[in-house]
Amino acid sequence: MGKFTLATFNANSIRARLPAVLEWVKKQDPDVLCLQECKVQDKDFPSTAFESMGYTALYRGQKSYNGVAVVTRHPAEGIRTGLYEGMEEEARFISATIRKIPVVNVYVPQGVAPGTDKFAYKLRWLKDLLSHLGHHYNPKTPLLVAGDFNVALEPRDVYDPETLRGEVGFHPDEQTILQDYLSWGLVDLLRKHRPEGGLYTFWDYRIPNALKRKMGWRIDYIFTTAPLVQKSKNVWIDLEARTAEKPSDHTFLVAEFDL
DNA sequence: ATGGTCGGCAACCGA
């Protein structure tokens, strides 16, 4: 028995957010932090900042866009980058085994708008991620899948479901695929613990005072399989992290386990 | 009230 916490955060540039992320890590002391949209090439990733706090950073980035990282204070093995063979540079997928638990961290394509090539790519990416999970893992064994999925699954996951229905991020074609993740055996840990609406992890910068006006989306997830659902003690969205001087458009989602 | 995002990176693109 022992406490184990995993958090996920779309940083929208790890370099712009580094002081806030370091402060959060220092305060919350997570075992594992999954980051998305690091927006930094590997040679410039601020790994020493995490190392000085006793963590190891695993990362795959590219210039300007995307980029994922797993920050861990335990040894990691079996590190994989790239959902597709030969597409590691896309920098949307990183996985590693930590304390014998496979951890998969993803930044799902945003999709732009239904009907576009990028939307079709998003749907394919979501399907291929589930295929990847099915090929490599078993829902009867421990598995953690975290990240920015860029999809709100249900009406309670957005501020105005009637208006937003059919838009990118709240489209039935996206939701149908994400529902297949649940059918396969993944559990949306936030919803195991917190069924109420109004819980969001993303606020569009383009909507003024979106946080204050409660105009958010819940598009970040921590999924896990049955053996870890049993050991899941609590899940929360950390809104205090949004009070930073320059907040990301997302905030931290945290899951605590008793392993 | 005649404005209204952010980050990367160098003119806009992506979110």
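Attention in this report is confined to the structure presented alongside it. (Residues numbered from 1 in each chain as written. Chains lettered and ligands numbered in written order. Predicted model: local features only at pLDDT ≥ 70, side-chain atom pairs only at ≥ 80, totals over all residues.)

Here we come to the protein's contact with DNA strand B. Around DNA strand B sit 15 residues in total, of which Ser-13, Ala-16, Ser-64, Gln-110 and Tyr-205 are the nearest. Grouping the constituent residues of the surface near DNA strand B by class yields 6 nonpolar, 4 polar and 5 charged. (Near = placed C-beta within 6 Å. Nonpolar A, V, L, I, M, F, W, Y, C, P; charged D, E, K, R; others polar.)

Contact pair helix H3 (residues 117-136) / helix H5 (residues 172-184): the axes reach a minimum separation of 9 Å and the direction vectors enclose 10 degrees. One element, H3, and the other, H5, form an angle in the roughly parallel class. Within the contact between the two elements, H3 uses Leu-123, Leu-126, Lys-127, Leu-130, Leu-133 and Gly-134 and H5 uses Asp-173, Glu-174, Ile-177, Leu-178, Asp-180, Tyr-181 and Trp-184. Looking at the contact of H3 with H5 residue by residue, the classes come out as 8 nonpolar, 1 polar and 4 charged. (Axes fitted to C-alpha atoms, helices over the stretch in contact; angles between N-to-C directions. Helix = DSSP H or I, 4+ residues; strand = E, 2+ residues; numbered from the N terminus. Parallel < 35°, antiparallel > 145°, perpendicular 65-115°, else oblique. Contact = placed C-beta atoms within 7 Å.)

In space, the 6 strands of this open sheet follow the order S3-S4-S2-S1-S12-S11, with mixed pairing throughout. Two strands bound the open sheet, and with one partner strand each, they are strand S3 (56-60) and strand S11 (232-238). Direction aside, neighbouring strands of the sheet carry axes that sit 15 degrees apart on average. Pairing geometry for S3 and strand S4 (residues 68-72), over 5 bridges, is antiparallel. Across the sheet, Thr-56 pairs through a bridge with Thr-72, a residue of S4. (Pairing = 2+ DSSP bridges.)

So, on to H3. Counted at 1.5 Å a residue, the expected span for H3 with its 20 residues is 28 Å, and the 28 Å between its end C-alpha atoms agrees. Looking only at H3, the buried set comprises Lys-122, Trp-125, Leu-126, Leu-129 and Leu-133. Taken end-on, H3 shows its buried residues confined to a sector of 95 degrees, consistent with a single buried face. Residues of H3 that are exposed and point over 90 degrees away from its buried face: Asp-117, Arg-124, Lys-127, Ser-131 and His-135. Buried residues along H3 sit in contact with strand S7 (101-107), strand S8 (144-148) and H5. (Expected span 1.5 Å × (residues − 1). Buried ≥ 20, exposed ≤ 12 C-beta atoms within 10 Å, placed from the backbone. Arc of directions from axis to C-beta.)

Of all residues except glycine, most have a negative phi; of all peptide bonds, most are trans. Although it is not a glycine, Arg-99 adopts a positive phi angle of roughly 50 degrees. With respect to the element layout, Arg-99 can be found in the loop between strand S6 (93-98) and S7. Judged by the 15 C-beta atoms lying within 10 Å of it, Arg-99 is partly exposed.

Let's shift gears to helix H1 (residues 18-28). The complete set of buried residues in H1 reads Ala-20, Val-21 and Trp-24. Each buried residue of H1 sits inside an arc of 95 degrees when the element is viewed along its axis, so together they form one side. Exposed and facing more than 90 degrees away from the buried side of H1 are Pro-19, Glu-23 and Lys-26. Those residues of H1 that are buried are in contact with strand S12 (252-258). Just beyond H1, the residue with positive phi is Asp-29, at close to 55 degrees.

Take the sheet that holds S6 next. As summarised here, the arrangement of the 6 strands in space is S5-S6-S7-S8-S10-S9, forming an open sheet in which the pairing is mixed. If you trace the sheet from one side to the other, it starts and ends with strand S5 (76-81) and strand S9 (187-188), each paired once. For S7 and S8, the ladder comprises 5 bridges, and the chain directions are parallel. Pairing of Asn-105 across the sheet is with Ala-146, part of S8.

Burial analysis of S6 places 5 of its 6 residues in the buried class, which makes it a mostly covered element. In this sheet, S6 lies alongside S5 in antiparallel orientation, the contact comprising 4 bridges. Along S6, the bridge assignment pairs Ala-76 with Ile-98. Looking at chain direction, S6 and S7 are connected through 6 bridges and run antiparallel. Paired with Ser-95 across the bridge in S7 is Val-104. What sits between the antiparallel neighbours S6 and S7 is a turn of 2 residues, in which Arg-99 has the positive phi angle 50 degrees.

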